[in-house]
Amino acid sequence: MELAGKTFLVTGGAGFIGSHLVDALLAQGAQVKVIDNLSTGHLHNLQPVMDRIEFAQASVLDFDTLLGLAKGCAGIFHLAAVVSVPLTVKEPLQSHEVNSRGVVNVLEAARLNGARVVFSSSAAVYGENEVLPHEEEKPLHPLSPYGVQKLYGEQCLFAYQRLYGVGGFALRYFNVYGPRQDPGSPYSGVISLFINWALRGDPMKILGDGEQTRDFIYVADVVKANLLAMETEGGDGVPINVATGKTMSLKQLAEAVMAASGTKSEVQHGPAREGDIRHSSALVERAKELIAFQAQTPFEEGIARTVEFFRA
Ligand code: UD2
């Protein structure tokens, strides 16, 4: 599907990843509508493009508003969610509503309008798996309400594809970082926290021994995966890992952040986060095969751009 000239709805479009996606869609010549209840998104993320989009401050649980916005859309990018894993542990019921019913509302709005859906899922669906790297076809053992809710969303998408022909993919994001990531809570992405501390000269807090590893992917690459997943028809309904295929430890990350910001902070170690996953790594073959996606941004470049953003 060609994106230019078509209309797309981005749920959670005022958020960290969603707002970058809105920018990219506009740059491609698409028309964009956004639904966001601003629970964790910020209007300032959309401020430069506000006069070029249609914005509704509403929840994806407001089905009538969602359905109205989906009218005339070729596709829906579903990013709106309770995005913090620990928050879903604290509030399983409220997050179940938003994350589980939200995805069904989106799929239903898509079905009624003949739109495709690209669903933002998460590596959280894998849980703690002794076999690494994570491969899409492996058995899943999510360990948080968040992981269970994302898996439910994936399976709803699969069923909607088979039952009603709603096209699209579920994208399993690994650890996303970049400009506009909000460092405002202890559960914010670790890169945003580290950069914030480094620039202030505050100590960097590593939770645990720092030998845990993650696959950090730059936000522009995640946006690219979304665009390709919307454009590419065929193989629809299945989940796809969105990762770089490379990992680094938290210790290495702390060093890299200091190098990029030209600062020297003390590294402090605190107790490991309860339920923290030790290692996370991804096979990235399916993304290449199905949607011709490969992460492009070298880590040094991504981190430099992110530091620049936080400095400004
Ligand atoms: C990421 C995703 C989450 C889910 C999960 C799936 C983010 C922000 N979260 O959780 O949504 O998809 O992956 O597995 O991308 N850490 C420190 N110091 C700090 C904060 C964190 O050392 O001040 C450590 C933390 O203990 C963990 C690592 O950094 O080992 C990454 O933490 P995170 O919260 O950025 O992301 P993660 O992997 O828990």
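Being a predicted model, the structure only gives us computed values, none of them experimental.

Some remarks on the overall build of the protein
Argument step 1. Counting its secondary structure elements, the protein contains ten helices and 13 strands.
Argument step 2. Relative to the globule expectation of 20 Å for 312 residues, the C-alpha radius of gyration of the protein, 19 Å, shows essentially globular dimensions.
Argument step 3. For the protein, the C-alpha atoms occupy an extent of roughly 55 × 45 × 35 Å along the three principal directions.
Argument step 4. A total of 312 residues make up the protein; the buried ones form 54% of that total.
Argument step 5. With an accessible surface of roughly 13500 Å², the protein has 53% of that area assigned to carbon and sulfur atoms.
Argument step 6. Across the protein, the 26 positively charged side chains and the 34 negatively charged ones have centroids separated by 1 Å.

Digging into the nonpolar core
One broad trend across soluble globular proteins is that nonpolar side chains are buried collectively.
Argument step 1. In this structure, V10, V22, L25, F77, L171, F194 and L253 are the most contacted members of the largest nonpolar core, which totals 61 residues.
Argument step 2. The dominant element in this core, judged by the number of residues it contributes, is helix α7 (residues 219-231), at eight residues.
Argument step 3. Aside from chain neighbours lying at most four places away, what touches L25 is L3, F8, V10, A30, V32, F77 and L227.
Argument step 4. Judged by nonpolar contacts, the second largest core, of 24 residues, contains L66, C73, A115 and A170.

Overview of the packing of helix α6 (residues 190-200) against helix α8 (residues 250-261)
Argument step 1. At a closest axis distance of 10 Å, the pairing of α6 and α8 adopts a crossing angle of 45°. One finds that α6 runs oblique with respect to α8. The hand of the α6/α8 crossing is right-handed. In this structure, α6 contributes V190, I191, F194, I195, A198 and L199 to the contact, and α8 contributes L250, L253, A254, V257 and S261.

Regarding the site of the ligand
Argument step 1. Taken together, 21 residues are adjacent to the ligand, and S122, V190, K205, R214 and D276 come closest.
Argument step 2. A distance of 2.7 Å separates a nitrogen atom of the ligand from a polar atom in the backbone of K205.
Argument step 3. R273 is positioned such that a nitrogen or oxygen atom in its side chain is 2.9 Å from an oxygen atom of the ligand.
Argument step 4. Taken by itself the ligand offers 730 Å² of open surface, and the protein chains cover 87% of this.
Argument step 5. Put simply, the parts of the chain that give the shell around the ligand at least two residues each are α6 and β8 (204-207).
Argument step 6. Of the residues contributing to the shell around the ligand, the split by class is twelve nonpolar, five polar and four charged.

Details of the pattern of salt bridges
Argument step 1. All chains considered together, the criterion is met by twelve salt bridges.
Argument step 2. Linking R101 and E97 is a salt bridge whose minimum nitrogen-to-oxygen distance equals 3.5 Å. Of the two residues, R101 and E97 are both situated in helix α4 (residues 92-113); the distance of four residues between them amounts to about one turn of the helix.
Argument step 3. The partly exposed category is assigned to R101, whose relative accessible area is 38%.
Argument step 4. One salt bridge connects D202 with R200, and the closest N-O pair in it is separated by 3.0 Å.
Argument step 5. Classification of D202 by relative accessible area gives partly exposed; the value is 27%.
Argument step 6. R200 sits in the exposed class, given a relative accessible area of 52%.

A look at the pairing of β8
Argument step 1. Side chains M204 and I206 of β8 all project onto a buried face; the interleaved residues K205 and L207 project onto a face where none is buried.
Argument step 2. Pairing between β8 and strand β13 (residues 267-270): four bridges, direction parallel. Its bridge partner being in β13, K205 is matched across the sheet by Q268.

A look at the sheet that holds strand β2 (residues 31-35)
Argument step 1. If you walk across this open sheet you meet the seven strands as β3-β2-β1-β4-β5-β6-β11, and the pairing is parallel. Looking at the sheet topology across the chains shown, the edges are occupied by β3 (54-56) and β11 (239-242). Across the sheet, the axes of successive neighbouring strands diverge by a mean angle of 20°, strand direction being ignored.
Argument step 2. Where strand β1 (residues 7-11) and strand β4 (residues 75-78) come together, four bridges link them in parallel fashion. By the bridge assignment for β4, T11 is matched with H78.
Argument step 3. Packing of helix α1 (residues 16-27) onto the sheet brings it into contact with β1, β2, β4 and β6 (168-173), and relative to β1 it is tilted by some 170°.
Argument step 4. Of the strands in this sheet, β1, β2, β3 and β4 are in contact with helix α2 (residues 63-70), which crosses β2 at around 175°.

Calculation rules
Residues numbered from 1 in each chain as written. Predicted model: local features only at pLDDT ≥ 70, side-chain atom pairs only at ≥ 80, totals over all residues. Heavy atoms only, no water. Helix = DSSP H or I, 4+ residues; strand = E, 2+ residues; numbered from the N terminus. Rg over C-alpha atoms; globule rule 2.2 N^0.38 Å. Buried < 20%, exposed > 50% of the residue type's maximum accessible area, 1.4 Å probe, protein only. Areas by Shrake-Rupley, 256 points an atom, 1.4 Å probe, with all protein chains shown as cover. Lys, Arg positive; Asp, Glu negative; His and termini not counted. Charge placed at Lys NZ, Arg CZ, Asp CG, Glu CD. Core = buried A, V, L, I, M, F, W, Y, C linked by side-chain atoms within 4.5 Å. Contact = heavy atoms within 4.5 Å. Axes fitted to C-alpha atoms, helices over the stretch in contact; angles between N-to-C directions. Parallel < 35°, antiparallel > 145°, perpendicular 65-115°, else oblique. Left-handed = near helix turned anticlockwise from the far one by under 90°. Near = heavy atom within 4 Å. Polar contact = N/O pair within 3.5 Å; in protein donor to acceptor, adjacent residues only side chain to side chain. Nonpolar A, V, L, I, M, F, W, Y, C, P; charged D, E, K, R; others polar. Salt bridge = Lys/Arg side-chain N within 4 Å of Asp/Glu carboxyl O. Pairing = 2+ DSSP bridges.

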